[in-house]
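Given next are the chains, with one letter for each unit.
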Amino acid sequence: MKLNLLARVGTRRSILLTAPAANRDDSTASLLSFMRWTNRRLKSPPRVVVLSGGKMQAELVEAGARVIDVPRSPLRFVERSIRRLGYPRIARLTQRALHASIFLQPLQPRCVYASTVHGAGPALRHLPSGARLVVHAYETGDMLDQFIDPPMMRRLAGGVHVWVAASDSVAEALTERGVDPDRIVRCNPFIDPPSADALKVQAAVGSLGLRPGEMVVGGIGHSDWRDAPDLFLRVAAMMRRRHPELPIKFVWVGAPEDGPTRWILEHDIRHAEISDRVMLVGDLADSEVWLSTFDILCLTSRVDPPPPAALQAGSLGVPVVGFAQSGLAELAAEAGVGNGIETVDYLDIEEMCARIVHLATHETERISAGAEFRELVLESHLTDEGAAALWDLLERTARGEPPLPIGASAATD
Amino acid sequence: MPDRPLRILLVTHESIRNGAPMVALQVMRWLRSERDDEIEVLALSDGPLIPDFAEIGPVHLVPLLDPDEVIVAWRDESEPDRSTIARFEAEELVRTEGLRPMASHLTGFDVLYLNSATSARALRILPEVPPVVISHIHELESSFNYWFPADDRELLFEHDPSFVVVSERVGRNLTENHGIERDRIVLSRNEFSQPDPPSPAAVRRVREQIGVTDDVVIGAMGSAEWRKGPDLFVQMAAVVARRLPDVALRFIWVGRTDEWFLRQYQTDVARLGLSDQFSFVGEQSEPAPWLGAMDVFCLTSREDPFPLVCLEAGSLGVPIVAFDNGGMTELAHEGGPDGPLIEIIDYLDVEAMANAVVARVTDGDLRRREGQRLQRWLEGNLFATGAVDRIADLIDERVDAARARPRSGDRP
């Protein structure tokens, strides 16, 4: 359906997309894909406001977002100073004043989209009268309990009009915390189609210094408890002890270049005597390039509601071994047995190693599993499908219509 | 021998029941009671040991290393970039300057005794540095780098310090990686730390408190942070529970636990189905009954120079299983031809540690035999040497040398 000019202006002004920070994480990556889709497909894309800066700031700004960059704003400086002086309540008020200003626009939005639950607080607090709030939930139950205090969760459960759950386990967690199931719609996680520069991939492969016949088992993510490079190193250490004969290099993408977090990883590498088979490389901004160098993705994430790294790997035909929890378990069920996603019990490193050994020593099976997985991702998890459905949902919400399951109505051109 | 009494300023980076503050407390108690030295304590963060320190001398609390101030600031930023780090550093500088007046009266001491490498941070705020500086180093290389920034190192090294180290490995790290001359280092392996054994009733009360009767209790103790490996202890517990599904097992972690990290560990515990078998019981004012309640002690530390807690557990006859992570490897090898005193496991080999625990859970004789052997060795060897004398001698020697040196302003 073509939109006329008035309708376009109306759409642009009636929907406001918000994110808590420009950090390089799953929700922000999804938002960026969504923004790029709206830029491609809509003549007048919606406004996007990001409350705080981060490593994806440049990409978001290029796609049209306004990054408020709260931590570096003068008001934030005042807020921190007031907090230091021992007046946390007054400090919170200054922060709220800044957030409120985002919503004080000449044309008030009719629908506000918050890209995560933990970033939905300001949107709910300052929601313009008559506007409806859509929250995209990527957080599992553990994360909701960790980041959202119960009073805020109760307010969100009552005040959010539509919840977009990134996986069934997320939907379940929301329901368990008081969200009306009728307000929850499921949205498959989506990624952009693979587009890594072949020359960059070649350079990345070259930088690994692989010996002939050496395979790459890779891991990717932030260097934190959630993405768990510590477990990746446990896998590498166990493989050294139990299968020293297998020519495998373990490559972790996303470790910081320096600082305490890197020292911690280097400490484990040094003391587990795996320096010769483990490399910490690259930046998460180049995730696709590095994923292209992997033969197997070893996904050690403790929490991964929708696992975009697994989807990216799948789009490149790289099979995945990970823990059977939240999004990856659902994806594994979707793919079916032997179709590129192997899951093991939570933190069962022995079994994880066993699956890696099997894939590493059965090349035909590995390649075929990767191909199956690739087909699934290209069919069901690309941005064009997911973003169109999400946009349709936002438009319906802006018009005051009740939510339909995502994908139930045609996307707007 | 210098004139008595000496005025000693002890700096403790923390005031919780951790190895370094506990050791410092024991050393200072001895100096106070045996030599009448005058002790004052500069505590860089608050904690439950403050009243204990106050018993040996005036305590000055200057929260230079207040964990809330430091950690919360960093948690606000999940991906701090260089400008953010620079901003935090600038804020930290301002905060430090603001604290300086609180330490302005700390003058006229003969000796500055830093209870850890981290405590050198105090040099940023002290109005003057005493002529003798002694740093009691508990840190191996990673912790040394992590907790002892280059700026503080330079500040410390300017004052010609001597070092007390808690294990040979710590000493080797100083000489090989930081250019410290061997003759500036004295080894003291916490030989003065033999605890009083808990009463059977106290042990029974602990077991009742955690709701166990005949269960085998597998324990660990320490601040639950990366260095001590509580994550690895949880993973080890899962493997043991998987291998012994029909045995009544109880896993306990005793020690201070930051709420943020506790949530993470508890998430693992819950997802591994261990919630009914696993407890984080927090910091305990009387650790001995807790150690006495354990059947096997696991040292899952990633780095631990010479943990006091192992000496305490060993002195109670509790067998120990430890990663190859520092001082306990040294101690294990002192068992001589009869084999190691402690089962040492390859670093990060959680499954092997689990197997070692399983062997001790299923073989009560092995457990008792090992525990008694370690207990006898500690009593007959380590605790018999009385090493506070060595630290006291070092202090005297350094004070004498400092007093013999011409002071600035003296005529040559």
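Here, every reference points to the structure presented above.
Now for a look at the structure at hand. In every chain, residue numbers begin from 1 and rise along the written sequence. The order in which chains are written sets their letters, starting at A; the order in which ligands are written sets their numbers, starting at 1. Local features are withheld for residues below a pLDDT of 70 in this predicted model, meaning they are given only at 70 or higher, and side-chain atom pairs are given and counted only at 80 or more; totals for whole chains, interfaces and linings count all residues.

1. A word on the interface of chain A and chain B
Contacts between the two partners involve 22 residues from chain A and, on the opposite side, 23 residues from chain B. Helical segments are the DSSP runs of H or I of at least four residues, strand segments are the runs of E of at least two, and each set is numbered from the N terminus. Secondary structure elements with two or more residues in the side of chain A that touches chain B: α7 (141–147), α11 (229–242) and α12 (260–271) of chain A. When residues of the side of chain A that touches chain B are assigned to their parent elements, the largest contribution, six residues, is made by α12(A). Think of it this way: build a C-beta for each residue from its backbone, and any pair within 7 Å is a contact.

2. Remarks on the packing of helix α9 (residues 230–243) of chain B against helix α10 (residues 259–271) of chain B
Residues and elements named next belong to chain B. In this analysis, axes come from line fits to C-alpha atoms, helices being fitted only over the stretch in contact, and the angle between any two N-to-C directions falls in the range 0 to 180 degrees. For the pair α9 and α10, the least separation of the axes is 10 Å and the interaxial angle reads 10°. Of the possible angle classes, the one that applies to α9 and α10 is roughly parallel. Across the interface between the two elements, Pro230, Asp231 and Val234 of α9 pack against Tyr265, Asp268 and Val269 of α10. Note on residue categories: nonpolar means Ala, Val, Leu, Ile, Met, Phe, Trp, Tyr, Cys or Pro, charged means Asp, Glu, Lys or Arg, and polar means any other residue, Gly included. Classifying every residue of the contact of α9 with α10 by side-chain character gives four nonpolar, no polar and two charged. Angles below 35 degrees are treated as roughly parallel, those above 145 as roughly antiparallel, those between 65 and 115 as roughly perpendicular, and all remaining angles as oblique.

3. With respect to the pairing of strand β11 (residues 296–299) of chain A
Residue and element names in this part refer to chain A. Three exposure classes are used, all based on how many other C-beta atoms lie within 10 Å of a residue's own C-beta (placed from the backbone): buried at 20 or more, exposed at 12 or fewer, and partly exposed between those limits. Both faces of β11 are covered, namely the face carrying Ile296 and Cys298 and the face carrying Leu297 and Leu299. In this sheet, strand β12 (residues 320–323) lies alongside β11 in parallel orientation, the contact comprising three bridges. Within the sheet, the bridge partner assigned to Cys298 lies in β12 and is Val321. Consider the strands pointing away from the viewer: the crossover is right-handed when the path from the first strand over the helix to the second runs clockwise. As for the winding sense of the linkage, the β-α-β connection from β11 through helix α14 (residues 308–315) to β12 is right-handed. Paired strands, as defined in this entry, are two strands with at least two bridges between them according to DSSP.

4. Brief notes about the environment of A:Thr94
Residue and element names in this part refer to chain A. Residue placement: Thr94 occurs in helix α5 (residues 88–103). Expressed as a C-alpha distance, the spacing of Thr94 and Phe77, which sit 17 residues apart in the sequence, is 10.0 Å. In contact with Thr94, other than residues within four places in its own chain, are Leu75, Val78, Glu79 and Ile82.

5. Some thoughts on the packing of α14(A) against helix α17 (residues 363–380) of chain A
Residues and elements named next belong to chain A. Contact geometry of α14 with α17 gives a least axis separation of 7 Å together with a crossing angle of 110°. In terms of axis orientation, α14 runs roughly perpendicular to α17. When the axes of α14 and α17 are compared, the crossing they make is left-handed. Of α17, the residues touching α14 (which contributes Leu311, Gly314 and Ser315) are Phe373, Arg374, Leu376, Val377 and Leu378. Of the residues in the contact of α14 with α17, the class split is five nonpolar, two polar and one charged. The crossing is said to be left-handed when, going from far helix to near helix, the turn is anticlockwise and less than a right angle, and right-handed when the turn is clockwise.

6. Details of α9(B)
Residues and elements named next belong to chain B. Expected span of a helix: the number of residues minus one, times 1.5 Å. Along its 14 residues, α9 runs 20 Å from first to last C-alpha, staying within 8% of the 20 Å computed at 1.5 Å per residue. Within α9, eleven of the 14 residues are buried, leaving the element largely enclosed by the surrounding structure. Among all positions in α9, only Pro230, Asp231, Leu232, Phe233, Val234, Gln235, Met236, Ala237, Ala238, Val239 and Val240 are buried.

7. Overview of the sheet that holds strand β6 (residues 162–165) of chain A
Residue and element names in this part refer to chain A. Strand order in the open sheet formed by seven strands is β3-β2-β1-β4-β5-β6-β7, and the pairing between neighbours is parallel. In this open sheet, the two edge strands, each paired with only one partner strand, are β3 (66–67) and β7 (184–186). Relative to β7, β6 runs parallel, the two being bridged by three bridges. Residue pairing across strands places Val164 opposite Val185, the latter belonging to β7.

8. Focus: unusual backbone geometry
A positive phi angle, near 65°, is found at A:Leu347, a position not held by glycine. Relative to the helices and strands, A:Leu347 is located in the loop between β13 (341–344) and α16 (349–361). In this model, B:Asp160 sits at a positive phi of 55°, which is unusual for a non-glycine residue. Given 15 C-beta atoms within 10 Å, B:Asp160 falls into the partly exposed group.

All quantities given are derived from atomic positions and should not be read as evidence of function.
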